[in-house]
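A look at the structure
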2 protein chains.
Amino acid sequence: MTAGRTGRKRPTISDVAKRAGVTKGAVSRALNNGTGVSSGTRERIRQAAVELGWSPSYAARALNGKPLGTIGLVVRRPPEILDFDAFFASFLSGIESVLSGEEHATVIRFVPDAHTEAATYERLFNDRFVDGFLVTDLRVDDERPAMLRRLGAPAVVVGAPEGSSDFPTITNDSEDAIRGLVRHLVAGGHRRIAHVQGDPGMLHALQRRWHWEKAARDAGVDPGPVEYGSYTIEGGAQATERILALPERPTAIFYGSDLMAIGGYSVLGDAGLSIPGDMAVAGFDDIALASFTSPPLTTVRSKHRALGSAGARLLLDMLKGQEAPASTTLGGELQIRESAG
Amino acid sequence: MTAGRTGRKRPTISDVAKRAGVTKGAVSRALNNGTGVSSGTRERIRQAAVELGWSPSYAARALNGKPLGTIGLVVRRPPEILDFDAFFASFLSGIESVLSGEEHATVIRFVPDAHTEAATYERLFNDRFVDGFLVTDLRVDDERPAMLRRLGAPAVVVGAPEGSSDFPTITNDSEDAIRGLVRHLVAGGHRRIAHVQGDPGMLHALQRRWHWEKAARDAGVDPGPVEYGSYTIEGGAQATERILALPERPTAIFYGSDLMAIGGYSVLGDAGLSIPGDMAVAGFDDIALASFTSPPLTTVRSKHRALGSAGARLLLDMLKGQEAPASTTLGGELQIRESAG
DNA sequence: CTGAAAGCGCTAACAG
DNA sequence: CTGTTAGCGCTTTCAG
């Protein structure tokens, strides 16, 4: 495949040096800084390198504290979410779309608990196995920003509210879209709008809840009951059951994810309630399925892929030494279909 | 966080050695082989290591040809497929579910072309940046098995037919399910069954086509027309248009992916054709959406996650030096719903 | 069983 | 501008 592979082992920098009639040091300088070498020998060295099909060893470079061209993604969630959840696959897709053009690789690690999570960040970076991190799922009192700061690791936080950490942040701001949704509901005569949300320890879940509350108040109605559950069909179904059991039943439910809303559909159906006639329903994410449910689901589209690509792009820029904006915001988009009246 | 972090830098093996009153060599032996050291000093060394919170440097180990605990996944497809395609996100989910329990990380790289693909495999492994590979999307005349063999890289091929390479293979065998589907169609009176498939350069696409052909012949009907397109909604829509333009129109279409089938739905609908009345439709994958389309889509369920987990498990076993079976087969499963009569 | 020493492939500081 | 020299942190001989 590659030219010059005479022996079994790959060529080292010494081979290149020998062939170019210089020393390792010269090769290193020529090919890294491009400085400290006359353009003549530099060319000779470059030649020798391609003839030998040489490329520097990641390990040796890492041992000298050089960046490897990798970014780390450590995820403290069960790996199944890649399969179920709307977010991660799209997010990853966004990341890869910029990395693939930049000769960078992604190092992914799913971890079960906070302790492993911390240890993983630490090892990955202390050894410069990754050049920096994309941090997602920021939680209330999340210790990662402080730890990463301490490690001196470059990082960008993705999907968290502005100012939630002192790292550059890509924010997913759905405030306007959620406000639009609530207005739509209120205009349709709804006064009691419930909210079903995922893990309240997640900053983005909290944020969406605030937006819903604020929008409700601003529209002159009291925020209805709130239920929590996992971001899955089952989680949504269970939360819906709890809501239906409430003494004062709401007339609309805003779910924190489309999957949860779909779980709601089945419970509402079983209870003989029609959508949106007896209960208006709205989701969040706008997954592919949302336009195929019956009735089609009104939801807030969230730009998962863009979050990934913007995060990756920003991190790459930072790694190149560029100044990073404290925060970049991507807006959500209200998708009105038929489930919310 | 970690105990013993007095200074700014992390402890090295020398620190551990000093604290235990031995030399680096002894520490290395004690903690790796566990041999060549008296159990007394071994314990002392272990103590010192935990007190210092020491863990070996990836880079230094890699430089000595030791495995890092990483497996590589290089994908020659546009990164968008993570978002659209049913396969990759689930597959990755399966991989991660076994890796997360084994302290292994995944190194992912999306590449645009065959040349970059080859170079990526080579660099990643020559430098032992990854311990082995999971290879997917095997193509006709794929050069990767030979190249990986030449590199001496451990690998398991996933989702390809048995015997398609000399690497251990996790096969996704849908022959029975496809046969069941064709029988179902033929029993429903269909004599002309078309097939829409994705990239014919992919071995798995070819394989499914063969299974369909064979099943048709065995059921006593001639295999109908075949159209190719990308594995997307648009790809399916376009292929469907071509089929509808055919002089002898089939009465059933078997699509190589659910997404393609959904693309078919809209074209058929636009043409005023009812499903399954005027045209029976079947898909492949059984994505979440499949049971929500109208009519619900009859399809062949494929075990994407299991493919990932089985592949990862097998590769890990191989890396531990265990003998690997030449081939492991996961069967598909026919999901009869309403779109195919 | 243990210590000493060489070396993995590269970078960076220092002389010349 | 170029060569030489130390290391980076670890593993692995090889003596003792």
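Residues numbered from 1 in each chain as written. Chains lettered and ligands numbered in written order. Predicted model: local features only at pLDDT ≥ 70, side-chain atom pairs only at ≥ 80, totals over all residues. Heavy atoms only, no water.

Observations concerning the relation of the copies chain A and chain B
Least-squares fitting of chain A to chain B yields an RMSD of 0.1 Å, with the transformation described by 0.0 Å of translation along the axis and a rotation of 180 degrees. As the rotation angle and translation indicate, the two copies are arranged about a two-fold axis. A symmetric contact is evident, with 100% of the interface residues of chain A recurring at the interface of chain B. (Least-squares fit on C-alpha atoms with pLDDT ≥ 70 in both. Contact = heavy atoms within 4.5 Å.)

A short note on the pattern of salt bridges
All names here are of chain A. Applying the stated criterion to the full structure yields 46 salt bridges over all chains. Across the pair Arg-301 and Glu-333 runs a salt bridge, and its minimum N-O distance is 3.8 Å. Placement of Arg-301 in strand β10 (residues 298–301) and of Glu-333 in strand β12 (residues 333–335) is noted, with a sequence separation of 32 residues between them. When its relative accessible area of 32% is taken as the criterion, Arg-301 is described as partly exposed. (Salt bridge = Lys/Arg side-chain N within 4 Å of Asp/Glu carboxyl O. Helix = DSSP H or I, 4+ residues; strand = E, 2+ residues; numbered from the N terminus. Buried < 20%, exposed > 50% of the residue type's maximum accessible area, 1.4 Å probe, protein only.)

Section: the protein's contact with DNA strand C
The environment of DNA strand C is formed by 25 residues, the closest being A:Ile13, A:Lys24, A:Ser28, B:Gly36 and B:Ser38. In DNA strand C, atoms within 4 Å of the protein come from the sugar-phosphate backbone in 63% of cases. In the environment of DNA strand C, a phosphate oxygen lies 3.2 Å from a nitrogen or oxygen atom belonging to the backbone of A:Ser57. Between A:Arg61 and DNA strand C, the recorded distance is 3.0 Å, taken from a side-chain N or O atom to a phosphate oxygen. Of all elements in the fold, only α2 (24–32) and α4 (58–63) of chain A reach the threshold of two or more residues within the surface near DNA strand C. Looking at the surface near DNA strand C element by element, the count peaks at four residues for α2(A). Its residues placed into classes, the surface near DNA strand C shows eight nonpolar, 13 polar and four charged. (Near = heavy atom within 4 Å. Polar contact = N/O pair within 3.5 Å; in protein donor to acceptor, adjacent residues only side chain to side chain. Nonpolar A, V, L, I, M, F, W, Y, C, P; charged D, E, K, R; others polar.)

Looking at the interface of chain A and chain B
With 52 residues of chain A at the contact, the number on the chain B side is 52 residues. Together, the buried faces of chain A and chain B total about 4700 Å²; carbon and sulfur atoms form 58% of this surface. The tally of links between chain A and chain B comes to seven salt bridges. Here A:Arg305 ties to B:Glu80 by a salt bridge, and the two come within 3.3 Å at their closest N and O atoms. Summed over the shared surface of chain A and chain B, the result is 19 residue pairs in polar contact (both at pLDDT 80 or more). Listed by contribution, the elements that provide at least two residues to the side of chain A that touches chain B are α4, α5 (81–84), α6 (86–99), β2 (105–110), α7 (114–126) and α8 (144–151) of chain A. The element best represented in the side of chain A that touches chain B is α6(A), accounting for seven residues. Looking at side-chain class alone, the side of chain A that touches chain B contains 26 nonpolar, twelve polar and 14 charged residues. One ladder, built from three bridges, connects β2(A) with strand β2 (residues 105–110) of chain B; its direction is antiparallel. The partner of A:Thr106 across the bridge, within β2(B), is B:Ile108. (Buried area = accessible area lost by both parts, 1.4 Å probe. Pairing = 2+ DSSP bridges.)

Re the packing of aromatic side chains
What characterises a pair of aromatic rings is the spacing of the ring centres plus the angle enclosed by the ring planes. For the structure on display, the rule yields 13 aromatic pairs over all chains. Judged by centre distance (5.1 Å) and plane angle (5 degrees), the rings of A:Phe129 and B:Phe129 are stacked. Of the two residues, A:Phe129 sits in the loop between α7 and β3 (132–135) while B:Phe129 sits in the loop between α7 (114–126) and β3 (132–135), which places them in two different chains. The exposure class assigned to A:Phe129 is buried, which follows from its relative accessible area of 5%. For the pair B:Tyr121 and B:Phe133, a centre-to-centre distance of 4.8 Å together with 65 degrees between the ring planes defines the contact as edge-to-face. Placement of the pair is B:Tyr121 in helix α7 and B:Phe133 in strand β3, with a sequence separation of twelve residues. (Phe/Tyr/Trp six-rings, centres within 6.5 Å; stacked < 30°, edge-to-face > 60°.)

Quick look at the domain arrangement of chain A
When the domains of chain A are assigned, the result is domain 1 (3–55), domain 2 (70–171 + 304–330) and domain 3 (175–301). One C-alpha centre belongs to domain 1 of chain A, the other to domain 3 of chain A, and the line joining them spans 62 Å. (Domains from an automatic or database assignment.)

Brief notes about the protein's contact with DNA strand D
Neighbouring DNA strand D are 25 residues; A:Gly36, A:Ser38, A:Thr41, B:Ile13 and B:Lys24 lie closest to it. Across the atoms of DNA strand D situated within 4 Å of the protein, the share located in sugar and phosphate is 63%. Separating a base nitrogen of DNA strand D from a side-chain N or O atom of A:Asn64 is a distance of 3.0 Å. Between DNA strand D and the protein, one listed contact pairs a phosphate oxygen with a backbone N or O atom of B:Ser57 at 3.1 Å.

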